[in-house]
Amino acid sequence: MGEKFISAKLDIVFKMLFADENNNDILEALLSAILDIPPNELHNVIVKNPEINPKHIDEKYYRLDLNMTIGNQLVNAEMQSYYDGFFKERAYLYNSKQFSSQLDEGEDYSKLCPCISINFMDYIAFKDHDDYHSKFGVWDVEHNNRLTDKMEIHFFELKKVKGTPDKNNLKKLWLQFLKAETKEEFAMLENIGVPAIEKAIQAIYKMSADDRAKEEIRMREKAMHDQASMLLSAETKGRAEREAEIIQKMRDKGMTDEEINNILFS
């Protein structure tokens, strides 16, 4: 393992990097690659929530989403560092809320803008395929017809991104940047010669040398580890309680401990 730097796969670093107005060109390059939008068609990218309030650093992850408008599209992007068993439902709920919040009562439906949800995930979310990009919309599953093109959800699984950097595959290149955390990985990406990637890496280096930024990031990492530990503890406790309930029900039916052990643990 090489020398470690801070990484954009931590949500606070992701937002510090891409919400900075000095890095608008980096954000536009990322969105162009990720959403397959030609750079000359990417207009009016506006980040609506650029601030990061330190007092919220230990609160729920969705507080660090990156909410934007791209022309007439509403876009939400977030980095998920830890597995969430309800990530599908959560992504759909956020996308639906974003879509439904556009109109006040009585307003014309024609005013509704497309809503795009982008989820970068530092874990394996879909085990049925090896593709790192999954795209979902609203479809008629019987006739394979799309109901509307105004709701779209993307998942990018960083753990599935493999291979060496390729200058001709900008989408994969940006995902490799997002998951990079060692000096060797960043150096390899720098050598590809993509200006926006090079600028993003320099921003990571600068952040890594900033004591205040490092402290905020350390606090965020601690909060995330603590929350993950609590979730694991609650899950373990829940399993134990369910197991005890099942065993008691089996005993109530007259089964012996030996019979129960043979069923549950053999």
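This structure is a prediction, so every number in the text was calculated from the model and none was measured.

A. Representation of the overall build of the chain. Looking only at helices and strands, the chain features eight helices and six strands. Mapped from its N terminus to its C terminus, the chain presents α and β elements in the order α-α-β-β-β-α-β-β-β-α-α-α-α-α. A burial count over the chain gives 41% of its 266 residues as buried. Summarising the internal contacts of the chain: among those between residues at least 6 apart in sequence, 64% fall at separations of at least 24.

B. Main features of the nonpolar core. By size, the foremost hydrophobic cluster in this structure holds 50 residues, and its most contacted members are F18, I118, F120, W174, F177 and L178. Looking at this core, the element that brings in the most residues is helix α6 (residues 195-208), giving seven residues. When near neighbours in sequence (up to four residues on either side) are disregarded, F18 contacts I26, L27, L30, V47, L66, W174, F177 and L178. Grouped together as the second largest cluster of nonpolar side chains are eight residues, M121, A125, F126 and I153 included.

C. View of the environment of N72. As for its placement among the helices and strands, N72 is situated in the loop between β2 (66-70) and β3 (73-80). Spatially, the C-alpha atom of N72 lies 9.7 Å from that of V45, the residues being 27 residues apart in sequence. When sequence neighbours within four positions are dropped, the list of residues in contact with N72 reads C113 and P114.

D. Just helix α2 (residues 24-34), in detail. Buried within α2 are the following residues: I26, L27, L30, L31, S32, A33 and I34. Of the residues flanking the end of α2, it is D36, one or two places downstream, whose phi is positive at about 55°.

Criteria and cut-off values
- Residues numbered from 1 in each chain as written.
- Predicted model: local features only at pLDDT ≥ 70, side-chain atom pairs only at ≥ 80, totals over all residues.
- Heavy atoms only, no water.
- Helix = DSSP H or I, 4+ residues; strand = E, 2+ residues; numbered from the N terminus.
- Buried < 20%, exposed > 50% of the residue type's maximum accessible area, 1.4 Å probe, protein only.
- Contact = heavy atoms within 4.5 Å.
- Core = buried A, V, L, I, M, F, W, Y, C linked by side-chain atoms within 4.5 Å.

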